[in-house]
Amino acid sequence: PAAMADLGGLIVFANPAECEPGEPLRQLYDTMAVYDDHHQPQPSQPVVPPRYAGAVGPAEVLARESDHAVFSVPVRGRWQGLPVRAVEGIYGIESDAFGMAIVFDAPVPATLPVLEAQGFRPAAAGSMGAGSMGAGSMGAGPDAAAPAADLPPEQMPFGRAEVTGDARTSRLVCDWGL
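Residues numbered from 1 in each chain as written. Predicted model: local features only at pLDDT ≥ 70, side-chain atom pairs only at ≥ 80, totals over all residues. Heavy atoms only, no water.

Details of the pairing of strand β8 (residues 99-104)
In plain terms, the rule: Buried residues are those whose accessible area, probed at 1.4 Å on protein chains only, stays under 20% of the maximum for their type, while exposed residues exceed 50% and partly exposed ones sit between those limits. Strands are runs of DSSP state E lasting at least two residues, helices are runs of H or I lasting at least four, and both sets are numbered from the N terminus onward. Only when DSSP finds a minimum of two bridges between them are two strands counted as paired.
Burial within β8 is extensive, with six of its six residues counted as buried. Side chains of β8 alternate between two faces, with G99, A101 and V103 and M100, I102 and F104 buried alike. The pairing of strand β7 (residues 82-92) with β8 spans six bridges and is classified as antiparallel. Bridge assignment links V87 to a residue of β8, and that residue is I102. The hairpin formed by β7 and β8 contains six residues between the paired strands, and E94 there has a positive phi angle of roughly 50°. Note that β8 and strand β10 (residues 170-175) share six bridges and pair antiparallel. In the strand pairing of β10, V103 is matched with R171.

The following block contains the structure:
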């Protein structure tokens, strides 16, 4: 089998703490879906830097709901030493549901320390959208994120991160629909 591509020039984050993608990753997200005349997202072949063309496949539909669709693009390679399986995009349909996920062929205990070292500050799985900072954040220190709803618009973070997974795979989920 061919050596796994180093995806360091494709999976780029402008601001990991807010899960804000850098240009090549933003372009992948922006081009893996195309909205049709009925405002419905449709899967597409994403645009990536030429050297990654062989590592990235066409988008396919994972789920379609009334207010959003989820597409997945197979991506083969390594990022920060972690094996990547796919990039998923969440596309709102007349809603604020937008975001993406990087899917790793590694369990959460293997991915979490790497992500934290890169500057991500993932919320505990299951805490997204809870709204209130629960007892679990007691003693979380001064840089614990305030609930986004309490911030003026110009201070709203780009997004927030969560890490989910099971014994075999994990996902870095970036929620941009704050």
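With respect to the pattern of salt bridges
Applicable threshold: Any Lys or Arg side-chain nitrogen located within 4 Å of an Asp or Glu carboxyl oxygen qualifies as a salt bridge.
Overall, the coordinates contain five salt bridges when judged by the stated rule. Between R85 and D105 there is a salt bridge whose closest N-O contact spans 2.6 Å. With a gap of 20 residues between them, R85 in strand β7 and D105 in the loop between β8 and α2 (108-117) connect regions that are remote in the sequence. A residue is classified by how much of its surface remains accessible, and R85, at 35% relative accessible area, is partly exposed. A relative accessible area of 30% places D105 in the partly exposed class. Because the salt bridges share partners, they merge into one network encompassing R76, R85 and D105.

A closer look at the packing of aromatic side chains
Test applied: Only Phe, Tyr and Trp rings are paired, with Trp represented by its six-membered ring, and only when their centres lie within 6.5 Å; those with planes under 30 degrees apart are stacked, over 60 edge-to-face, the remainder tilted.
Applying the stated criterion to the full structure yields eight aromatic pairs. Between F13 and W79 the ring centres are 6.5 Å apart and the planes differ by 65°, which places this aromatic pair in the edge-to-face class. Taken as a pair, F13 in strand β1 (residues 13-15) and W79 in strand β6 (residues 68-79) lie far apart in primary sequence, 66 residues in all. The buried category is assigned to W79, whose relative accessible area is 3%. A ring pair is formed by Y29 and Y91, whose centres lie 4.6 Å apart and whose planes are at 15°; its orientation type is stacked. Here Y29 is found in helix α1 (residues 23-31), whereas its partner Y91 is found in strand β7, with 62 residues between them in sequence. Residue classification places Y91 among the buried residues on the basis of a relative accessible area of 3%. Linked through ring pairs, Y29, F71, Y91, F158 and W176 together constitute an aromatic cluster.

A closer look at the environment of V73
Applicable threshold: A contact between two residues is defined here by any heavy atoms of the two lying within 4.5 Å.
Position of V73 among the secondary structure elements: in strand β6. Given a relative accessible area of 0%, V73 falls into the buried group. For V73 and P43, which are 30 residues apart along the polypeptide, the C-alpha to C-alpha distance reads 9.2 Å. Other than its neighbours up to four places away in sequence, V73 contacts M32, P46, V56, G57, P58, A59, R85, A86 and V87.

Observations regarding the state of the cysteines
Going by this rule: Disulfides are defined as cysteine sulfur pairs within 2.5 Å.
For the structure on display, the rule yields one disulfide. Disulfide partner of C19: C174, at an S-S distance of 2.0 Å. On the sign convention where negative is left-handed, the bridge of C19 and C174, at about -60° about the S-S bond, is left-handed. Remark: C174 occurs in strand β10 and C19 occurs in the loop between β1 and β2 (20-21); sequence separation between them is 155 residues. Since its relative accessible area comes to 0%, C19 is described here as buried. Take C174: its relative accessible area is 1%, and that puts it in the buried class.

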